[in-house]
Amino acid sequence: MDWTKQAQHDFQDMPAEGSDLVMSARAELVSAEDPYFRGIDADASLPHWMTVRPLASTSPGGPHIVDLAGGRGWLIYTFMRRHADPQIVVTEAFWA
């Protein structure tokens, strides 16, 4: 998983509660067969405090958002499927 400079900075400034959830969400994303969790109930195996959805419903293959702890925080990311090296890039990280 890669991070934009701003997202990395925001992550580093998070309190421990937020950064712990972000790291747990990261583990779920990088180990998922499809980090976009497409299909009905595709994200049913995720922890109860984490949901994944497209950032815009008109762009299901575009950026996605991971809502954390009922909206207290989130990650916005894109996923590029590549044979040798799939890549997830976090473009925004937030914790309230």
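We now turn to the structure provided with this report. (Residues numbered from 1 in each chain as written. Predicted model: local features only at pLDDT ≥ 70, side-chain atom pairs only at ≥ 80, totals over all residues. Heavy atoms only, no water.)

1. Brief notes about the overall build of the protein chain
So, point 1. Along its length, the protein chain carries 2 helices and 5 strands.
So, point 2. Counted from the first residue to the last, the protein chain has its helices and strands arranged as β-α-α-β-β-β-β.
So, point 3. What you see for the protein chain is a C-alpha radius of gyration of 13 Å, in line with the 12 Å of a compact globule of 96 residues.
So, point 4. Taking all 96 residues of the protein chain together, the buried fraction comes to 38%.
So, point 5. Contacts in the protein chain between residues far apart in sequence, at least 24 positions, make up 41% of those at least 6 positions apart.
So, point 6. For the protein chain, the exposed area adds up to about 5,700 Å²; of that, 53% sits on carbon and sulfur atoms. (Helix = DSSP H or I, 4+ residues; strand = E, 2+ residues; numbered from the N terminus. Rg over C-alpha atoms; globule rule 2.2 N^0.38 Å. Buried < 20%, exposed > 50% of the residue type's maximum accessible area, 1.4 Å probe, protein only. Contact = heavy atoms within 4.5 Å. Areas by Shrake-Rupley, 256 points an atom, 1.4 Å probe, with all protein chains shown as cover.)

2. Notes on the pattern of salt bridges
So, point 1. Counting across every chain of the model gives 3 salt bridges.
So, point 2. For Arg72, the salt bridge goes to Glu17, with nearest N and O atoms at 2.9 Å. Pair noted here: Arg72 is in the loop between strand S3 (64-68) and strand S4 (73-80) and Glu17 is in helix H2 (residues 16-31), with a separation of 55 residues, a long-range link.
So, point 3. Between Asp67 and Arg53 there is a salt bridge, with its nearest N and O atoms 3.2 Å apart. Of the two residues, Asp67 sits in strand S3 while Arg53 sits in strand S2 (residues 50-54), which places them 14 residues apart along the sequence.
So, point 4. The exposure class assigned to Arg53 is partly exposed, which follows from its relative accessible area of 40%. (Salt bridge = Lys/Arg side-chain N within 4 Å of Asp/Glu carboxyl O.)

3. Examining the sheet that holds S2
So, point 1. With mixed pairing, the 5 strands of this open sheet are ordered in space as S1-S5-S4-S3-S2. Among the strands making up the open sheet, the edge pair consists of strand S1 (2-3) and S2.
So, point 2. Alignment of S3 against S4, held across 5 bridges, turns out to be antiparallel. In the strand pairing of S4, Ile65 is matched with Ile76.
So, point 3. The strands touched by helix H1 (residues 5-12) within the sheet are S1 and strand S5 (87-95), with S5 carrying the most contacts at an inclination of about 45°. (Pairing = 2+ DSSP bridges. Axes fitted to C-alpha atoms, helices over the stretch in contact; angles between N-to-C directions.)

4. Some thoughts on H2
Side chains three or four residues apart in an α-helix point the same way, a direct result of the helix having 3.6 residues per turn.
So, point 1. In a regular helix each residue adds 1.5 Å, so 16 residues correspond to 22 Å; H2 covers 23 Å between its end C-alpha atoms and thus fits that length.
So, point 2. Packing partners of the buried residues in H2 comprise S1, H1, S2, S3, S4 and S5. (Expected span 1.5 Å × (residues − 1).)

5. Some words on the nonpolar core
So, point 1. Within the largest apolar cluster, 24 residues are counted, with the highest numbers of intra-cluster contacts made by Trp3, Met50, Val66, Leu68 and Tyr77.
So, point 2. Residues within four places of Val66 in sequence aside, it is in contact with Ala25, Leu29, Met50, Thr51, Val52, Gly73, Trp74, Leu75 and Tyr77. (Core = buried A, V, L, I, M, F, W, Y, C linked by side-chain atoms within 4.5 Å.)

6. Examining the packing of aromatic side chains
So, point 1. Tallied over the entire structure, the rule returns 4 aromatic pairs.
So, point 2. Put simply, the rings of Tyr36, Tyr77 and Phe79 touch in pairs and so form one group of aromatic residues. (Phe/Tyr/Trp six-rings, centres within 6.5 Å; stacked < 30°, edge-to-face > 60°.)

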